[in-house]
Each structure stands twice: as C-alpha cells, then as structure tokens.
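Residues per chain, in single letters:
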Amino acid sequence: MQRSIQLKSIIKTLITFKINNDIECDTDLVVMSASSDSKISLHMVDREVTLANKDDCKAYHDTFRDYLKEDTPELMMIMDNAVYDSDRNFRMVNQSKWA
C-alpha cells in the first residue's frame, strides 16, 4: 500500500511539474519496478517526453529533482541522484536488468 501511495504522489508531482515548466505534452508514464523487500527501486519513463541526449536528460532530471525539493521533499528519499553519471545505462521500457 505504501508503494501505491508513493507512486500516485510521484505521478501527480510529475504532471504538476510539467504544467509549471510549460512542458506541453501529455503524460504517458511507464513505471518499472526493481524493488525488493529491502529497497524501493522504481524506474520511470515518460513516453511523451523526448530529449536529445544524455546531457538534456540530466538537465531535465536535475530540474525535476529541484522541483521535488520544493514541492514534495518526502519523495527525495527515493530519488536516485546518480542516474546520469558516467557509469550508468538508461533503463528502457521492457528492459530487464542483467542478473
């Protein structure tokens, strides 16, 4: 139930973020879980947002992170701030992790 509440809060926050930043597109959010009993790990892809490259993705992520700090600081606990460093790969829709 807690994960469901967090997910609803994330979706609401993302939609509000896009409206407040004049990002004029729908939201088609795909949420993939890599969660376990010991951690929450959600990977989100908004299929309506297309960015040119990794630098643009990082800028979008950083802007969204800054928005979270102001709007919903409790969601900062579950946001990974290292997703765009040099040793990370993007998680795509229908992709699974190598185990």
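Residues numbered from 1 in each chain as written. Predicted model: local features only at pLDDT ≥ 70, side-chain atom pairs only at ≥ 80, totals over all residues. Heavy atoms only, no water.

**Details of the overall build of the chain**
Step number 1: A tally of helices and strands in the chain yields 2 helices and 2 strands.
Step number 2: Reading the chain from its N terminus to its C terminus gives the helix and strand order α-β-β-α.
Step number 3: Taking all 99 residues of the chain together, the buried fraction comes to 22%.
Step number 4: Across the chain, every contact between residues at least 6 apart in sequence was considered, and the portion connecting residues at least 24 apart equals 52%.
Step number 5: On the chain, roughly 7300 Å² of surface is accessible, and the fraction owed to carbon and sulfur atoms is 50%. (Helix = DSSP H or I, 4+ residues; strand = E, 2+ residues; numbered from the N terminus. Buried < 20%, exposed > 50% of the residue type's maximum accessible area, 1.4 Å probe, protein only. Contact = heavy atoms within 4.5 Å. Areas by Shrake-Rupley, 256 points an atom, 1.4 Å probe, with all protein chains shown as cover.)

**Structural notes on the environment of arginine 47**
Step number 1: Here arginine 47 shows up in the loop between strand 2 (42-46) and helix 2 (54-71).
Step number 2: Taking the relative accessible area as the measure of exposure, arginine 47 reaches 47% and is therefore partly exposed.

**A short note on helix 2**
Turn by turn, an α-helix covers 3.6 residues, leaving residues three or four places apart pointing in a common direction.
Step number 1: The terminal C-alpha atoms of helix 2 lie 25 Å apart, and with 18 residues this matches the ideal 26 Å at 1.5 Å per residue to within 8%.
Step number 2: Among the residues making up helix 2, those that are buried are Cys57, His61, Asp62, Phe64, Arg65, Tyr67 and Leu68.
Step number 3: The N-cap of helix 2, judged by a side-chain oxygen 3.0 Å from the amide nitrogen of aspartate 55 a few residues on, is asparagine 53. (Expected span 1.5 Å × (residues − 1). Polar contact = N/O pair within 3.5 Å; in protein donor to acceptor, adjacent residues only side chain to side chain.)

**Examining the nonpolar core**
Step number 1: Judged by nonpolar contacts, Ile10, Leu14, Phe17, Phe64, Tyr67, Leu68, Leu75, Met76 and Met79 together constitute the single largest core of 9 residues.
Step number 2: Elements supplying a minimum of two residues to this core: helix 1 (2-20) and helix 2.
Step number 3: When residues no more than four places from it in sequence are discounted, the contact partners of leucine 68 are Thr13, Pro73, Leu75, Met76 and Met79. (Core = buried A, V, L, I, M, F, W, Y, C linked by side-chain atoms within 4.5 Å.)

**What to know about the packing of aromatic side chains**
Each pair of aromatic rings is reported with the distance of its centres and the angle of its planes.
Step number 1: This model, assessed by the stated rule, comprises 3 aromatic pairs.
Step number 2: An angle of 85° between the planes, with centres 5.6 Å apart, marks the rings of phenylalanine 17 and tyrosine 60 as edge-to-face. Of this pair, phenylalanine 17 sits in helix 1 while tyrosine 60 sits in helix 2; the two residues are 43 residues apart in sequence, bridging distant segments of the chain.
Step number 3: In this structure phenylalanine 17 comes out as buried when scored by relative accessible area, which is 1%.
Step number 4: Seen in terms of ring centroids, phenylalanine 17 and phenylalanine 64 are 5.0 Å apart; in terms of plane orientation they differ by 70°. Their pairing is edge-to-face. Here phenylalanine 17 is found in helix 1, whereas its partner phenylalanine 64 is found in helix 2, with 47 residues between them in sequence. Residue phenylalanine 17 shares its accessibility class with phenylalanine 64, and that shared class is buried.
Step number 5: Members of the aromatic cluster, each reached through a chain of ring pairs, are Phe17, Tyr60, Phe64 and Tyr67. (Phe/Tyr/Trp six-rings, centres within 6.5 Å; stacked < 30°, edge-to-face > 60°.)

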